[in-house]
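Chain by chain, the residues:
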Amino acid sequence: MTSSRGWLLRLVIAFAFAQGAVSMARPAVSYRALALGADERAIGVIAGVYALLPLFAAVPLGRRTDHGRCAPLLTAGVVLIAGGCALGGTAGSLGAVAAWSGLTGLGHLCFVIGAQSIVARRSAPAEQDRNFGHFTIGASLGQLAGPLAAGAVIGGDMARTSALALYGSAAVAAAALTAMWRIEARPRPVPRAERAKVPVRGILRTRGVPAGIFVSLAVLSATDILTAYLPVVGEQRGIEPAVVGVLLSLRAAATIACRLVMGPMLRLMGRTALLAATCLTGGLLCAALALPVPLWGLAAMLAVLGFCLGVGQPLSMTTVVRAAPEQARSTALALRLTGNRLGQVAAPAGAGLVAGVAGVAAPFVVLGVLLAASAGVAVRAARPGRPKRSRGAPAAEPAADRRDAPSPGRHTSGIG
């Protein structure tokens, strides 16, 4: 990265620590719940509680951020993540595990809303694909290191080692504070005429926003349930926690690889075709995880799946930012995160019910259907002849596809 984008490098580093803490804590929470006697249904409920508080907080936080500073949300997010992880290590009941998991989820939401809003504000339109792609590399780095760290710590006495992993997660989250300096530019004065709130319904009716929200929901639900349920699958199939950590990190490494070559893929396929192809392939692979494949086959499927899941998040961010009115971008991004958290509440809870009835592998079939549906949504949103877009919003998918052959200064193929 050039010095002119030093703020983005620091933001990527901070996000890597924050996401690494959460990615280390999520499997640790599952193992701690198992040590306290949780079954598949309880695991699903606990995973859903992680997203419950953020579900109600996202839009108010986005509204506040539209015309205010973003950096305070980053600090608040780190403090809440660290507190939720540390308190989770002391939890002695499933209710306490769920409560502190919810606090961690709220902290993660605060951090992500603030960070995404900073990227949207500081990126010129021609830089959005590149900068959001780089920003999500921070998340992937955290998702790569977190499960490895959790797998290295957890083992033997699961109650004790899962608590140690959660304490370690708190320390990792606190390390994010070391990179959070001079990330946010000095805010410009906002004229009174631009401070009017754009109705949420108007944002949601803007062409491109609903499709971006649904794709993001499907991709994040898949990532979330993989993180929460792969430890349970490993326990049933006799796979050691350390190996499960390697498998989860393999998926994250493939996601990083995807984002490093996203520019050439966009030029080759176009935005809509790339979204649809990766979501459909990811859906088929998710469903295939329900099969009793050998360990090497499971590793191969997770690698390809991780590559496919790497597309949805950055492209859904740029889709929503481009479609939303300029004075409501933070709110639009918050609505996207609300959709994500809705998926994180409903998908794990539904997965827990399905697992309780049909076995722990069945939720992966449900994920496959959800990802396949998101591929259909992406294609349908690109068709001509849809209802007119909201006034003042840019055209969505067809115009986006014409922009898929970026100028040389706009590619996403690399962190630098």
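Quantities reported herein were computed from a predicted structural model and do not represent experimental measurements.

**Q** For this particular structure, what's the right way to read the overall build of the protein chain?
**A** Within the protein chain one finds 16 helices and 0 strands. Counting only residues that meet the buried cut, the protein chain has 59% of its 416 residues in that class. Considering only contacts in the protein chain between residues 6 or more positions apart, those separated by 24 or more positions represent 87%. Surface accessibility of the protein chain: about 15700 Å² in total, with carbon and sulfur atoms responsible for 66%.

**Q** Please clarify how empty space enclosed by the protein should be interpreted in this entry.
**A** Empty pockets left among the atoms are what a rolling probe the size of a water molecule brings to light. In the structure shown here, the tally under the stated rule is 6 cavities of 30 Å³ or more. Considering only enclosed or pocket space, the largest cavity measures out at about 470 Å³ in volume. Along the walls of the largest cavity sit 30 residues, with Q19, H108, Q143, L220 and T223 positioned nearest its centre. If you list the elements that add at least two residues to the lining of the largest cavity, you get α1 (6-35), α5 (94-122), α6 (128-153), α9 (209-237), α10 (241-260), α13 (295-323) and α14 (329-358). Looking at the lining of the largest cavity, its residues break down into 12 nonpolar, 12 polar and 6 charged. The space that makes up the second largest cavity amounts to roughly 80 Å³. If you trace the second largest cavity, you find 14 residues lining it, with V29, G88, V97, S101 and L166 closest to the centre. At the level of secondary structure, the elements contributing two or more residues to the lining of the second largest cavity comprise α1, α4 (71-90) and α5.

**Q** Explain the nonpolar core to me, please; I cannot follow it from the model alone.
**A** Considering soluble globular proteins, one finds that nonpolar side chains tend to be buried as a cluster. Membership of the largest hydrophobic core comes to 104 residues, with the highest contact counts inside it found for L11 and F111. Residue contributions to this core peak at 15 residues, all from α1. For L11, the contacting residues outside a window of four places in its chain are L74, A115, I118, V119, F135 and I183. V209, I213, V320 and A323 belong to the second largest nonpolar core, which has 10 residues in total.

**Q** What is the right way to read the packing of aromatic side chains from this model?
**A** A ring pair, where both rings are aromatic, is described by two values, the distance of the centres and the angle of the planes. In the structure shown here, the tally under the stated rule is 2 aromatic pairs. Between F15 and F111 the ring centres are 5.7 Å apart and the planes differ by 20°, which places this aromatic pair in the stacked class. Placement of the pair is F15 in helix α1 and F111 in helix α5, with a sequence separation of 96 residues. Across the pair, F111 and F15 agree in class, each one buried. Note on F15 and F135: the rings are 4.6 Å apart at their centroids and 15° apart in plane angle, and the pair reads as stacked. Linking F15 in helix α1 with F135 in helix α6, this pair joins segments that are 120 residues apart in sequence. Given a relative accessible area of 4%, F15 falls into the buried group. One aromatic cluster in this structure is built from F15, F111 and F135. Over the ring of Y50 we find R26, and its NZ or CZ is 3.9 Å from the ring centre.

**Q** When you look at the side chain of Q19 in this model, what are you seeing that I'm missing?
**A** Along the chain, the position of Q19 falls in helix α1. Residue Q19 is classed as buried on the basis of its relative accessible area of 7%. Ignoring sequence-local partners within four residues, the contact set of Q19 consists of H108, G138, A139, G142 and Q143.

Conventions used here
- Residues numbered from 1 in each chain as written.
- Predicted model: local features only at pLDDT ≥ 70, side-chain atom pairs only at ≥ 80, totals over all residues.
- Heavy atoms only, no water.
- Helix = DSSP H or I, 4+ residues; strand = E, 2+ residues; numbered from the N terminus.
- Buried < 20%, exposed > 50% of the residue type's maximum accessible area, 1.4 Å probe, protein only.
- Contact = heavy atoms within 4.5 Å.
- Areas by Shrake-Rupley, 256 points an atom, 1.4 Å probe, with all protein chains shown as cover.
- 1 Å grid on protein atoms, 1.4 Å probe; cavity = no way out; pocket = protein on both sides within 12 Å on 5 of 7 lines; lining within 4 Å.
- Points joined across faces, edges and corners; volume = space filled by probe spheres on them.
- Nonpolar A, V, L, I, M, F, W, Y, C, P; charged D, E, K, R; others polar.
- Core = buried A, V, L, I, M, F, W, Y, C linked by side-chain atoms within 4.5 Å.
- Phe/Tyr/Trp six-rings, centres within 6.5 Å; stacked < 30°, edge-to-face > 60°.
- Lys NZ or Arg CZ within 6 Å of the ring centre and 35° of its normal.

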